[in-house]
Number of protein chains: 2
Amino acid sequence: MIFVAVLGYGVVGSGVVEVIKKNRLSISQRAGEEIYVKRVLDIRDFNDSPDRELLTKNSDDVFNDDSIKVVVETIGGTGIAYEFTKLAISKGKHVITSNKELVATHGPELLKMAAENNVHYHFEASVGGGIPIIRPLNNCLAANEINAIAGILNGTTNYILTQMNKHGKDFNTALREAQANGYAEADPTADIEGHDACRKIAILSSIAYNEYVDYRKITTVGITKLTLADMHYAEMYGSVIKLVGRSKKVDGKIYASVGPALINKSHPLANVEDVFNAIVVRGDAIGDAMFYGRGAGKLPTASAVVADIIDVVKHEDNNGKNIWTINKEENMADSDLMETRFYIRLKVNNRDIAEDIVKNTFGSVEWIPSEIRAAKEELAFISGKEAEGVLKEKVKELTNNPQIKEVAGFIRVLED
Amino acid sequence: MIFVAVLGYGVVGSGVVEVIKKNRLSISQRAGEEIYVKRVLDIRDFNDSPDRELLTKNSDDVFNDDSIKVVVETIGGTGIAYEFTKLAISKGKHVITSNKELVATHGPELLKMAAENNVHYHFEASVGGGIPIIRPLNNCLAANEINAIAGILNGTTNYILTQMNKHGKDFNTALREAQANGYAEADPTADIEGHDACRKIAILSSIAYNEYVDYRKITTVGITKLTLADMHYAEMYGSVIKLVGRSKKVDGKIYASVGPALINKSHPLANVEDVFNAIVVRGDAIGDAMFYGRGAGKLPTASAVVADIIDVVKHEDNNGKNIWTINKEENMADSDLMETRFYIRLKVNNRDIAEDIVKNTFGSVEWIPSEIRAAKEELAFISGKEAEGVLKEKVKELTNNPQIKEVAGFIRVLED
């Protein structure tokens, strides 16, 4: 019998208690031992909860109870969650979390501390909700050198983009709808500005390349400036626009970025819609593999947490010793050096003159035909492949040219 | 240091040796020990091989060498591979295989024997090539009751169907092309008749439902009767036709089948093309999750085998004790009882008369509009949802009706 304590009785925490109760029999079979939630720590009152007898406001009930071997942290943030995680590890308890912020910020320290205390620190639920991705990266693809990762890592933004693309809603309408449906927070900043996706690609990259990738160094752009016009041009180009977190390792340096990207419809990520997430991993032996599923939600996320608990129970004596080394040299490449193509949309006074300016600045480009383009004195095109910094300079030249009214949008094109 | 022997130096076996050599450093890091291939057993001569010093024709070099802890079986079939597997397990060696035929046929016995001898028997590479699916089912989704599985499990047939659907080639042309490209064997029976997919869905179902699912009891239909006309009607219905292996567990009984299915284009399986495979798993907590990647090929399959080796090295003392119980009662439901809808295509003498016959037999149906239909005196429709056996009886009624020239096709519709 393994006793577990859950920190935080919010959506994920209560989901964990529910899944362990509901599937007790099959979970015991797979874990080889029975798993019981002994305590749930939360400062709030839940007098009507079916779990009220487990609830406590006293952290001693968790940390000073030696029978509790596993602590599940679902508090979130880097404050008390950080302190409790260190306390649990120092007391020889395994810790499992869904807290991407904490893992992305203090992962190296917490993994090292866990290894020193011979306990596990697992965080499958921190990326991709229920989708198994951390364990596959660590184990199933262990024979591969991972070269690149690209993922739709945030369900809120993917829901908004799907509403824009499929149903012609503008960004603000789609955002309000996401909020009404509970897919977006009252303050949606972390989602729509890409911060959430940024932490997730940092965690995935740290695992894939076996060294810490600091999320604070990842260039991150959100989706707030996307318009239906961009969606339309993407469609004319056989693509859809998604918020993509991606990274690749080239010559020992890691390129990472988060931002909207045009994805060709034949790419497996293009068909990932609504609140679903998906991650494509490129390994040198396996080629491309994709993992797809619900990226958030009570039971999917709880499913990932409980899988971590079962893993701890099965391999209690072997903590796997995953450590993210912190590279002494700068391990991140300047993302301006990454070669890419840009989709660029211009508002112009005169299309013929503007076309000449574009040709002079960008050389040969691929024009996107469109009815909007004719009607609105707009131009949209796909640039050649160049270093991102060079492309940005060229965009600036256009911005400064009085013949160009506005550079209304520029978005990366996701390469194969 | 862990010594490994590889049985069979074919595509997969040589790939395993190659991947272990190539990624030696990162594999050692992840496994926590160095992994070396000490012997490769094959009766053939490979004088020009870079691995010729490892090659032996004498099985004693493998089975009587106590330093070899892990045996990789890539021989295939249920003959000598079966004998060698039992010999290795009895000698206390862990066994890893890509041999779906052996696992589907003798899985229960071999897993039990492995548990008794306290060694691992792993077979990630037996389904989905490089795609991590067995380990995710066993571990990552361990918190879930799995309700259903549906997968595109055979790359050869998916390549053929993609050629038919996207490029308008007929079945025989597409098959010849698959053979010319090395995607299909000279004798393609096991692929195109669905036998390969059948073994794979049997293995996945055995893991998902934690009891042995005998592949010999799974109703299996191949793709040889599919025509471009069927592809066309599917397209008009917003769908594509794929060879799908699927199973579900309802009230303790397992329904399983392999056959062509109409898949709505919004379903994630619909976009899986060419030689790619994908498996959708439905769990009670996670909802739908999909695993996608290369279902065959030298390095992808080797990637899965080597991941199994690393897993054994990391958890040598803990064999996980996965056992497929053999249910004493019949655990398979009669697939004729499974409710489904059928796509049905008819050649008729008179469309008005035939429409009436269809209405009288099937009640309300969904007619698929088409130009072919008008030109060729064809009718195509989607039936209501009924038990498969009832639908087959109704199809028989049509066949026996002199007003119906031919029931030219009937195919299941994959439900959500």
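Look a little higher up for the structure.
Since the structure is predicted, the reported quantities are computational estimates derived from the model, not experimental observations. (Residues numbered from 1 in each chain as written. Chains lettered and ligands numbered in written order. Predicted model: local features only at pLDDT ≥ 70, side-chain atom pairs only at ≥ 80, totals over all residues. Heavy atoms only, no water.)

Participant: Just checking my understanding: could you explain the overall build of chain A for this structure?
Facilitator: A tally of helices and strands in chain A yields 15 helices and 17 strands. Over its C-alpha atoms chain A spans a radius of gyration of 23 Å, differing by no more than 12% from the 22 Å that the globule rule assigns to 416 residues. Seen along its three principal axes, the alpha-carbon backbone of chain A occupies a region of about 75 × 45 × 35 Å. Counting every position in chain A, which comprises 416 residues, the buried fraction comes to 60%. For chain A, contacts bridging at least 24 residues in sequence account for 73% of all contacts bridging at least 6. When the accessible surface of chain A is split by element, carbon and sulfur atoms take 47% of a total near 16100 Å². Chain A carries 49 positive and 58 negative side-chain charges, and their two centres are separated by 1 Å. (Helix = DSSP H or I, 4+ residues; strand = E, 2+ residues; numbered from the N terminus. Rg over C-alpha atoms; globule rule 2.2 N^0.38 Å. Buried < 20%, exposed > 50% of the residue type's maximum accessible area, 1.4 Å probe, protein only. Contact = heavy atoms within 4.5 Å. Areas by Shrake-Rupley, 256 points an atom, 1.4 Å probe, with all protein chains shown as cover. Lys, Arg positive; Asp, Glu negative; His and termini not counted. Charge placed at Lys NZ, Arg CZ, Asp CG, Glu CD.)

Participant: I would appreciate a short explanation of the environment of Val407 of chain A in the present structure.
Facilitator: Relative to the helices and strands, Val407 of chain A is located in strand β17 (residues 404-413). As a C-alpha pair, Val407 of chain A and Ser14 of chain A span 393 residues in sequence and 47 Å in three-dimensional space.

Participant: Any chance you could explain the relation of the copies chain B and chain A here in plain terms?
Facilitator: Two chain copies, one operation linking them: a rotation about an axis together with a shift along it. Rotating chain B by 180 degrees and translating it 0.0 Å along the rotation axis places it on chain A, where the RMSD comes to 0.0 Å. Viewed as a symmetry operation, the transformation between the two copies matches a two-fold axis. Considering only C-alpha atoms, the residue of chain B closest to the rotation axis is Phe291 of chain B, which sits at 2.5 Å. (Least-squares fit on C-alpha atoms with pLDDT ≥ 70 in both.)

Participant: Before we go on, may I ask you to explain unusual backbone geometry in this structure?
Facilitator: With the exception of glycine, most residues fall at negative phi, and the peptide bonds are largely trans. Residues and elements named next belong to chain A. Even without being a glycine, Asn210 presents a positive backbone phi close to 65 degrees. Assignment of secondary structure puts Asn210 in the loop between α10 (195-209) and β8 (219-220). You can call Asn210 partly exposed: its relative accessible area is 28%.

Participant: Even after reading the chapter, I still don't get the interface of chain B and chain A, so can you show me in this structure?
Facilitator: One widely used convention gives an interface's size as the accessible area the parts lose upon coming together. With 46 residues of chain B in contact, the opposing surface of chain A contributes 46 residues. Where chain B packs against chain A, one counts two salt bridges. Put simply, Asp284 of chain A and Lys22 of chain B hold a salt bridge, and the shortest N to O gap is 3.2 Å. Here chain B and chain A share 19 residue pairs in polar contact (both at pLDDT 80 or more) between them. Listing elements by their share of the side of chain B that touches chain A, those giving two or more residues are α1 (11-22), α2 (24-31), α6 (134-140), α10 (195-209), β12 (287-294) and α12 (298-314) of chain B. Class assignment of the residues belonging to the side of chain B that touches chain A gives a composition of 25 nonpolar, 13 polar and eight charged. Here strand β12 (residues 287-294) of chain A runs beside β12 of chain B; their pairing, made up of three bridges, is antiparallel. Each bridged residue has a counterpart across the sheet, and for Met290 of chain A the counterpart in β12 of chain B is Tyr292 of chain B. (Salt bridge = Lys/Arg side-chain N within 4 Å of Asp/Glu carboxyl O. Polar contact = N/O pair within 3.5 Å; in protein donor to acceptor, adjacent residues only side chain to side chain. Nonpolar A, V, L, I, M, F, W, Y, C, P; charged D, E, K, R; others polar. Pairing = 2+ DSSP bridges.)

Participant: Help me understand empty space enclosed by the protein in this model?
Facilitator: One way to see where empty space is left: roll a probe the size of a water molecule over the atoms. Inspection of the entire model under this criterion finds six cavities of 30 Å³ or more. Roughly 80 Å³ of internal volume is contained in the second largest cavity. Lining the second largest cavity are Pro268, Asn271, Val272, Met290 and Tyr292 of chain A together with Pro268, Asn271, Val272, Met290 and Tyr292 of chain B. The residue makeup of the lining of the second largest cavity, split by class, is eight nonpolar, two polar and no charged. (1 Å grid on protein atoms, 1.4 Å probe; cavity = no way out; pocket = protein on both sides within 12 Å on 5 of 7 lines; lining within 4 Å. Points joined across faces, edges and corners; volume = space filled by probe spheres on them.)

Participant: What exactly am I supposed to notice about the pairing of strand β17 (residues 404-413) of chain B here?
Facilitator: If a strand is regular, its side chains alternate between the two faces of the sheet. Residue and element names in this part refer to chain B. By the criterion of burial, β17 is predominantly enclosed, with seven of the ten residues buried. Bridge count for strand β13 (residues 339-348) against β17 is eight bridges, and the pairing is antiparallel. Across the sheet, residue Phe342 finds its bridge partner in β17, namely Arg412.

Participant: It is not clear to me how the sheet that holds strand β4 (residues 68-73) of chain A should be interpreted in this structure. Could you clarify?
Facilitator: Strands pair in a sheet through their backbones, by hydrogen bonds, and they do so in one of two ways: parallel or antiparallel. Residues and elements named next belong to chain A. Across the sheet, which stays open at both edges, the six strands sit in the order β3-β2-β1-β4-β5-β6 with parallel pairing between neighbours. Whereas interior strands pair on both sides, the edge strands pair on one side only; in this sheet they are β3 (55-56) and β6 (121-122). The pairing of strand β1 (residues 2-7) with β4 spans five bridges and is parallel. By the bridge assignment for β4, Leu7 is matched with Glu73. The sheet contacts of helix α12 (residues 298-314) involve β1, β2 (35-41), β4, β5 (94-97) and β6, and relative to β5 the element is tilted by about 160 degrees. (Axes fitted to C-alpha atoms, helices over the stretch in contact; angles between N-to-C directions.)

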